[in-house]
Amino acid sequence: MIFGVLSVLAAAVLVGVDQLIKRWATAVLLPKTAMTLIPGALELRYFLNDGMAFSMLAGKQTLLIAVTSLMLLGVLWMLFARKLTPLERVAWTLVLGGGIGNLIDRVATGVVVDYINVLFVNFAIFNFADICVCVGVGLLMVWVLFDSYIKEKAEKNAAPDAADDAHGNA
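Criteria and cut-off values
Just so you know, the residues in each chain are numbered from 1, in the order the chain's sequence is written. For a predicted model such as this one, the threshold for reporting local features is a pLDDT of at least 70, and the threshold for listing and counting side-chain atom pairs is 80 or more; totals across whole chains, interfaces and linings nevertheless cover every residue. The side-chain numbers reported here are obtained from all heavy atoms of the structure, hydrogens and water having been left aside. For two strands to count as paired, DSSP must find a minimum of two bridges between them. A run of DSSP states H or I qualifies as a helix once it reaches four residues; a run of E qualifies as a strand once it reaches two. Both are numbered from the N-terminal end. A pair is scored as a salt bridge if a Lys or Arg side-chain nitrogen falls within 4 Å of a carboxyl oxygen belonging to Asp or Glu. Burial classification: accessible surface area is computed with a 1.4 Å probe over protein chains only, and a residue below 20% of its type maximum counts as buried, one above 50% as exposed, and the rest as partly exposed. Put simply, buried Ala, Val, Leu, Ile, Met, Phe, Trp, Tyr and Cys residues joined by side-chain atoms within 4.5 Å make one nonpolar core. Both site types are read off a 1 Å grid over the protein atoms alone. A 1.4 Å probe that fits but cannot get out defines a cavity, while an open set with protein on both sides within 12 Å along at least five of seven lines defines a pocket; lining residues have an atom within 4 Å of a point. Grid points are joined across faces, edges and corners, and a volume is the space filled by probe spheres set on the points. Residue type decides the class: Asp, Glu, Lys and Arg count as charged, Ala, Val, Leu, Ile, Met, Phe, Trp, Tyr, Cys and Pro as nonpolar, and the leftover types, Gly among them, as polar.

Peer 1: Requested: an account of the pairing of strand β1 (residues 34-38), with residues and values cited.
Peer 2: In this sheet, strand β2 (residues 42-49) lies alongside β1 in antiparallel orientation, the contact comprising 4 bridges. Counterpart to I38 in the pairing with β2 is L42. Taken together, β1 and the strand that follows it, β2, pair antiparallel across an intervening segment of 3 residues, in which G40 is found at a positive phi of about 75°.

Peer 1: Before we move on, could you go through the pattern of salt bridges and cite the residues and values that matter?
Peer 2: Under the defined criterion, the tally for this structure stands at 3 salt bridges. The partner of R45 in a salt bridge is E43, and the shortest N-O contact between them spans 2.7 Å. Judged by relative accessible area, which is 28%, R45 ranks as partly exposed. A single salt-bridge network, built from bridges that share partners, covers D18, K22 and D105.

Peer 1: Just give me the short version of the nonpolar core, but keep the residues and values in it.
Peer 2: Within the largest apolar cluster, 12 residues are counted, these being A11, L72, V75, M78, L79, L84, A91, W92, V95, L96, L103 and L140. Secondary-structure elements contributing two or more residues to this core are α2 (61-81) and α3 (86-109). A total of 5 residues in this core trace back to one element, the largest contributor, which is α3. Counting 9 residues, the second-largest nonpolar core is a separate cluster that includes Y46, Y115, I116 and F126.

Peer 1: Please give an account of the layout of surface pockets that cites residues and values.
Peer 2: Taken as a whole, the largest pocket holds about 890 Å³ of empty space. Forming the walls of the largest pocket are 34 residues, and the residues nearest its centre are M52, A53, N102, D130 and V133. Contributing elements (two or more residues each) for the lining of the largest pocket: β2, α2, α3, β3 (112-118) and α4 (128-158). Class assignment of the residues belonging to the lining of the largest pocket gives a composition of 24 nonpolar, 7 polar and 3 charged. Space inside the second largest pocket adds up to approximately 150 Å³. For the lining of the second largest pocket, the secondary structure elements donating two or more residues are α1 (2-32), β2 and α3. Residue composition of the lining of the second largest pocket, grouped by class: 6 nonpolar, 3 polar and 3 charged.

Quick look at the structure:
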């Protein structure tokens, strides 16, 4: 229970950081549209996204709010009801914080404020909340791969060697 509460508090900090950066981006970037950080590579550009990643499902706010809310309830359940490894807990906390950060925008204004624009690849403009979600999902993928590897190795070590059994060796 205590770890669930700590995870929610950490997610709240992530939401606070996300919302502060979005307010800054709206105040500073909206009037001038863009600010170059690394010429030809990275800029901050004010962009309102009414969809999800790469503007998919643009204009479907009710669906996006409903699906995001259900997913976040599932994440909350995970944080409180399951025994999680520290890596899983960090990952789910990042997903929760990022998801809530973007959900707040969607509910309040119908759009998400994005501002990080990578120029050297054709990529969507994104924000801090998106980074939290992506890093969280990436950590979950690493955990699944690592966990599968450990279980597979344990099963191999636990099973007797078939060649030794056939020759009467133990």
